[in-house]
Amino acid sequence: MDGGTTIISDPDDKYPDKKFTFDFSYWSHDGYRERDDGYLEPADQRYADQSKVFDDLGRGVLENAWKGFNCSLFAYGQTGSGKSYSMVGFDSNKGIIPITCEELFKGIAERKLTDEDEKEAEYQVSVSMLEIYNETVKDLLNISSFKKGGLKVREHPQKGFYVEQLQVSPVSDYAAIEGRIAEGTRNRTLAATNMNATSSRAHTIVAINFAQKAMNDAGKSMTKTSIINLVDLAGSERADSTGATGARLKEGSMINKSLLCLGNCIKALADIQDGKNITVPYRDSILTRLLKNALGGNSKTIMIAALSPADINYDETLSTLRFADRAKSIKTKAVVNESPTDKLIREMKGEIKRLQDLLKNQDGGQVIIQGVSPEEVEEMRRLQQEELLRSQEEMEQMKLSWQQRLEEQSLQNQQLLSEERSKQEARKTTPHLWNLNEDPTLTGMIVHLTPAGSSTIGNAEPASIVLKGVSILKQHATIDNDSNSSIHISPNNDNSKLLINGKVMSQRTVLHHNDRVMFGSNHLYVFHHPQDAAKQEKEGKEMKKVSFNSAQEEIAKNIGYDMDKVGKSRDDIQLQEDLLSIMPMVNEANAMAEELDQKMMFEIALISPQVRGLKDGRTEVCIKAKNLLTDNEYMWSRPNFVDRKYGMQDMYQRFVEEEDGWEQNEDGNPFQEEDNDDVTIGSSYLYLQSLAFLMDMEDNVAIRGYRGNELGLLSVEAQPCSHDGCPLVDECVEDPDELVGQNLQFKIKVKKALDVPGKYESIWCRYKFLLDNDWNDSDITQGTINPDFNFEKTFKAFPVTKQLLDEFENTPVIIQLKGKQKVEVPDSKSGKSTKELLSMEKNVLKYNSAPKPLNKQTSLKRRDSEMRHLHTTVAATQEAHRQINKENVELKQTIVAEKQKMKELKSRLELIEKLVQETKKRGEQTILVQQVEHILKFGENLPTKKLKEIKKRFETKETSQEIKLAGKPKSGVCVLL
């Protein structure tokens, strides 16, 4: 980054560097040092600290607010790129939102002290805080709005889109606004945890309403208003990775819809700047409706594009830069919001009278509107009544003095502040749990004290610690504190899901300082013991720093995944990142499926590019969805599962809220594969080395599943042939390079499959030839475990290239076996619940995993070994098959060479026999040794001149070496030297 220029380089050097120019480009990855107070200050000129970012961006927002302009600042980028850090900050490194609030109140205080005209002015500051998740609006300052679908978004003729019943809290100083934002952040954390939602996939909007009331030169009371919208958007990679377009927007992941609609609006606005006459689709999502003014209306808007410097995030970073490059061309038209105060009151009175008259006319008789049903008319009337009540409330609020409103709010704030101070003091001496969250700004926001005695954990009172959400039982666990000397935790139920430091715990366990504790599938905490912490610090022990990612890595390691990053490639590290992000989702999906009795189970599957039918690429994280009733299995891509998981959450939330029809979803059941889609049974790998030597190959190759396990055999054949399709016989070449430039025609034939599992009602196979992009599909075979395909296809290489020979040598043809599964429910499973089916599944897995380990440590080592073996089985099988194929080619070459030698020897023997017969016809009993030697050496190619010379010597008896014929042989020719 240099000035306003940002340059991005492809880590694989496949593409040239790309350059983008913006108003500002900041580097904050390194080049800093930490002060004693925790603030990160520049250690070199390149590093941009929080103060510099505010001076360049936030201060301009503040100045425009003083002038009466609406201002908006929103941060866009992938999860973990620093959006929340720039907007909110962390510890001493305050972000734009808190600094803006602090500077606003500083400015008010300075004006009242220094400017005589401003002393009589009234400054009103109020704050609101909302979250958009899954197309639902929640008021973070009013926890009751979290129920029953959240708040409604309405449209006003003058104000535009607004959130109905959104709480706007008046504040008198920075401490009050900081407290309200902290309260909103806690509510956001609590809601995300209880609803199994991840904060990085929710949009947060902090709105600061700033009004200045003062007398103008004519003695009129004037009101200047400004709304400062500070928006922290969800992680952008969620929209990009799914590739959701068109009908896909209706799927469960509404966060995709929001960001895609935002991108569509920005594209449309950019096109309008280029002179195109198009409509901007603001109405397509709640986010774009609420940001209409910020994007293309009455607002001065700044966008922050947060980037990750990691090379594994190259694609997402490039996408963010292109998004920002398009957004910078948009121009908004902001105007000063200033009107006489009495005019605002008159307008409000007029609005109330209009609504009252409208309702009065409707009450006078039945209202009939053409094309609108009576139910829709009644709904319109209800909305008008609600709008009237809201307007009357606003009118009452305007009649109240600002001081009265502040006093009312202060009474509420004092109690919250008192409770918070008490909890902070208690944390210094009382052991407690504090939460871990994917978003660092939400980590440590939830604290549960565990004082002396017993603290029970459950999903409802009278539990001491109430945790809401999936897989939390009414009596889940108990923490026993023996006067802080020893603390134990015990699961209260055999079904209580409890992990300590990544390991499943089923018995009473001692809790130590810094232990990581997971309740259910989503509540992740760190145990803090003040006395132990002080003791360790006194002894000089190094305190392990715990984060959400480190805790998830710990869980992954205990499952058996390799999380070591030393010596790992970029693709391996990306695979680890994908695993860490998907693991909690899979746990939640399984817990929701069990509670909603969906008869489904989900597992993580690592799918190599070869299993997917690709020549190369990186291993992908997919999800295996298994129907516990039918045993049918489906492989879902990671984006598909993430989309479905949001639908599962929506379904579960409606179930918790006891809504009618909770099991019905607009786009079907996200837990189920309702269409019984085609599945990949397994893959076989066929090397074509023999074709490079013009030799045929016939073999039974293993059909392997995604885990590398053998599922049957596939009978295949590869055969070179002539132009008329006939097989080539004994025409092999010793060096494949001899074929370069020549024409080659050959056949690949898949004859049949053997011992395929009997769960498929129809089976077929398909493959791509090495250099082709399209699949070649066989006919479908019905209902057999030994399907005959007899699928033959002829390929032409006109001419043969060196690249083709290399492909023959090193790259297999991947033959996929596809099928459609039978939908049959065994009598043994009929009528069983998901919990019972899971128990049956675990028993089967336990039986199949013999021999049983001797202890937990042995079990863990064995599982780790099995996982490593699992990841290498397919590659090892391919290499073994390639080596066997190579050995077969070499063996066949040897056989053909031996056949050629035998043919040549037979030819020479026939010549000697002919020579003997001719000598006997002449009545002679001897032949020259030299004649036989030349026949053995040259065969039929004995030079004529040399033959005449030998004959002449023989006739003149010049040589003493003669061969005497010893009678007529009984069979063949016998030559004695």
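Residues numbered from 1 in each chain as written. Predicted model: local features only at pLDDT ≥ 70, side-chain atom pairs only at ≥ 80, totals over all residues. Heavy atoms only, no water.

Asker: Help me understand the overall build of the protein chain, please; the structure alone is not making it clear to me.
Answerer: Within the protein chain one finds 21 helices and 41 strands. When each of the 977 residues of the protein chain is scored for burial, the buried share is 46%. Taking all contacts inside the protein chain whose residues are at least 6 apart in sequence as the whole, residues at least 24 apart take part in 65%. A total of about 51,200 Å² of accessible surface is found on the protein chain, and carbon and sulfur atoms cover 48% of it. (Helix = DSSP H or I, 4+ residues; strand = E, 2+ residues; numbered from the N terminus. Buried < 20%, exposed > 50% of the residue type's maximum accessible area, 1.4 Å probe, protein only. Contact = heavy atoms within 4.5 Å. Areas by Shrake-Rupley, 256 points an atom, 1.4 Å probe, with all protein chains shown as cover.)

Asker: What should I look at first to understand the environment of H488 in this one?
Answerer: The residue H488 is located in strand 22 (residues 486-491) in this model. Given the relative accessible area of 18%, H488 is considered buried. Taking the C-alpha atoms as reference, H488 lies 6.5 Å from R508; in sequence the two are 20 residues apart. With residues up to four places along the chain from it excluded, the contact list for H488 reads T478, I479, D480, R508, T509, V510 and L511.

Asker: Any chance you could explain the environment of N484 here in plain terms?
Answerer: Inspection of the secondary structure assignment puts N484 in the loop between strand 21 (477-482) and strand 22. When the C-alpha atoms of N484 and T429 are compared, they prove to be 9.4 Å apart, with 55 residues separating the residues in sequence. Every residue in contact with N484, bar those within four places of it in the chain, is listed here: T429, P431, H529 and Q531.

Asker: I keep staring at helix 9 (residues 314-327) and nothing clicks. Help me out?
Answerer: For helix 9, with 14 residues, the first-to-last C-alpha span of 20 Å sits near the 20 Å given by 1.5 Å per residue. Every buried residue of helix 9 is accounted for by Y314, T317, L318, T320, L321, F323, A324 and A327. (Expected span 1.5 Å × (residues − 1).)

Asker: Would you explain the sheet that holds strand 24 (residues 503-504) in this entry?
Answerer: In sheet architecture, strand pairing relies on hydrogen bonds along the backbone and comes in two forms, parallel and antiparallel. An order of 18-17-27-26-23-24 is seen for the six strands of this open sheet, with the pairing classed as antiparallel. Where the open sheet ends on each side, the last strands, each with one partner, are strand 18 (447-449) and strand 24. (Pairing = 2+ DSSP bridges.)

Asker: I keep staring at the sheet that holds strand 20 (residues 465-466) and nothing clicks. Help me out?
Answerer: In spatial order, the strands read 20-19-21-22-25; together these five strands make up an open sheet with mixed pairing. Strands with a single pairing partner mark the edges of an open sheet, and in this sheet they are strand 20 and strand 25 (509-510). With two bridges connecting them, strand 22 and strand 25 associate as antiparallel partners. The residue bridging H488 from the neighbouring strand is V510, located in strand 25.

Asker: When you look at the side chain of H529 in this model, what are you seeing that I'm missing?
Answerer: Among the secondary structure elements, H529 is positioned in the loop between strand 27 (523-528) and helix 13 (530-538). Reaching out from H529, the side chain makes a polar contact with the backbone oxygen of N484 at a distance of 3.0 Å. Beyond its immediate chain neighbours, meaning those up to four positions away, H529 contacts P431, N484, I487 and H513. (Polar contact = N/O pair within 3.5 Å; in protein donor to acceptor, adjacent residues only side chain to side chain.)

Asker: Explain the pairing of strand 21 here, please?
Answerer: Remark: a regular strand shows side chains that alternate across the two faces of the sheet. Direction of pairing for strand 19 (residues 453-458) relative to strand 21: antiparallel, over a ladder of five bridges. Residue pairing across strands places G453 opposite N481, the latter belonging to strand 21. Note that strand 21 and strand 22 share six bridges and pair antiparallel. Bridging from a neighbouring strand, A477 pairs with P491 of strand 22. Between strand 21 and strand 22, which pair antiparallel and follow one another directly, the connecting turn spans three residues, one of which, S483, has a positive phi of 50°.

Asker: Can you walk me through the nonpolar core in this structure?
Answerer: Within soluble globular proteins, side chains that are nonpolar tend to cluster in buried spots. Core analysis: the biggest nonpolar cluster contains 84 residues, and F602, I604, L714 and F808 have the highest contact counts within it. Here this core gets eleven residues from one element, more than from any other, and that element is helix 15 (residues 570-595). The residues contacting I604, other than those within four sequence positions of it, are Y561, L579, I582, M583, V586, V621, C622 and I623. Listed in part, the 36 residues of the second largest apolar core include V61, F105, Y174 and I177. (Core = buried A, V, L, I, M, F, W, Y, C linked by side-chain atoms within 4.5 Å.)

Asker: Is there a simple way to explain the side chain of T189 in this structure?
Answerer: For T189, the position within the fold is in helix 4 (residues 174-194). Looking at T189, its side chain comes within polar contact range of the main-chain oxygen of T185, at 2.7 Å.

Asker: Would you explain the pattern of salt bridges in this entry?
Answerer: Between side chains of opposite charge, pairing is possible as soon as their charged atoms come close. A full pass over the atoms with the stated rule returns 41 salt bridges. Residues K94 and E102 are paired through a salt bridge, measuring 3.7 Å at the closest nitrogen-oxygen approach. Each of the salt bridges in this network shares a partner with another, and the network as a whole consists of R33, R35, D37 and E41. (Salt bridge = Lys/Arg side-chain N within 4 Å of Asp/Glu carboxyl O.)

Asker: Can you walk me through the packing of aromatic side chains in this structure?
Answerer: The geometry of an aromatic ring pair comes down to the distance between the two centres and the angle between the two planes. In the structure shown here, the tally under the stated rule is 17 aromatic pairs. Ring centres of F602 and W636 lie 5.6 Å apart, and the angle between their planes is 40°; this geometry places the pair in the tilted category. In this pair, F602 sits in strand 28 (residues 600-607) while W636 sits in strand 30 (residues 633-637), placing the two residues 34 residues apart along the sequence. With respect to burial, F602 and W636 carry one shared label: buried. With centroids separated by 5.9 Å and ring planes inclined at 80°, the aromatic side chains of F746 and F808 adopt a geometry described as edge-to-face. In this pair, F746 is assigned in strand 34 (residues 744-754) and F808 in helix 17 (residues 802-810), connecting sequence segments 62 residues apart. Each member of the pair, F746 as well as F808, is classed as buried. (Phe/Tyr/Trp six-rings, centres within 6.5 Å; stacked < 30°, edge-to-face > 60°.)

Asker: Mind showing me how you'd approach the packing of helix 1 (residues 50-67) against helix 3 (residues 96-114) here?
Answerer: Geometrically, a packed helix pair is captured by the angle between its two axes and the distance between the axes. The contact between helix 1 and helix 3 brings their axes to 10 Å, and the two run at 50°. By the angle between their directions, the pair helix 1 and helix 3 is classed as oblique. Here helix 1 and helix 3 pass one another in a crossing that is right-handed. Mapping the contact onto sequence places V53, F54, G58, R59, L62 and W66 in helix 1 and I96, I99, T100, E103, L104, G107, I108 and R111 in helix 3. (Axes fitted to C-alpha atoms, helices over the stretch in contact; angles between N-to-C directions. Parallel < 35°, antiparallel > 145°, perpendicular 65-115°, else oblique. Left-handed = near helix turned anticlockwise from the far one by under 90°.)

Asker: Got a minute to help me understand helix 15 in this structure?
Answerer: Three or four residues apart is the spacing at which side chains of an α-helix point the same way, because the helix has 3.6 residues per turn. Compared with the 38 Å implied by 1.5 Å per residue over 26 residues, the 38 Å span of helix 15 between its first and last C-alpha is a close match. Bending of helix 15 peaks at approximately 30° at the position of I582, with proline P584 no more than four residues after it. A positive backbone phi angle near 55° is found at D597, which sits one or two residues after helix 15. (Bend = angle between axes of the 7 residues up to and from the residue.)

Asker: Please explain the packing of helix 14 (residues 548-559) against helix 15 as it appears in this structure.
Answerer: Two elements in contact, helix 14 and helix 15, have axes whose closest approach is 10 Å; the angle formed by their N-to-C orientations is 80°. When the axis of helix 14 is compared with that of helix 15, the two are roughly perpendicular. Residues N549, Q552, E553, I555, A556 and I559 of helix 14 lie in contact with helix 15, whose contacting residues are L580, M583 and P584. Classifying every residue of the contact of helix 14 with helix 15 by side-chain character gives six nonpolar, two polar and one charged. (Nonpolar A, V, L, I, M, F, W, Y, C, P; charged D, E, K, R; others polar.)

Asker: In this structure, what is going on with the state of the cysteines? I would like to understand it.
Answerer: What makes a disulfide is a covalent bond joining the sulfur atoms belonging to two cysteines. Per the stated rule, a full pass over the model turns up zero disulfides. The cysteine C721 is free of any disulfide, with C726 supplying the nearest cysteine sulfur at 8.4 Å. Owing to a relative accessible area of 4%, C721 belongs among the buried residues under this scheme. (Disulfide = S-S within 2.5 Å.)

Asker: Explain the confidence of the model for the protein chain here, please?
Answerer: Across the protein chain, pLDDT averages 80, with 79% of residues at or above 70. Here residues 850-871 is modelled with pLDDT under 50, and outside its nearest four sequence neighbours on either side it reaches 15 contacts, counting other chains as well. (pLDDT = per-residue confidence, 0-100.)

Asker: Would you explain unusual backbone geometry in this entry?
Answerer: The phi angle of most residues is negative, glycine excepted, and most peptide bonds adopt the trans form. Cis peptide bonds are those with omega within 30 degrees of zero, and the linkage from E461 to P462 qualifies with 15°. Examined against the element boundaries, P462 turns out to sit in the loop between strand 19 and strand 20. Residue P799 is bonded to the preceding F798 through a cis peptide linkage, with omega at 0°. Within the element layout of this structure, P799 appears in the loop between strand 38 (788-797) and helix 17. The backbone phi angle of K599 is positive, close to 60°, even though this residue is not glycine.

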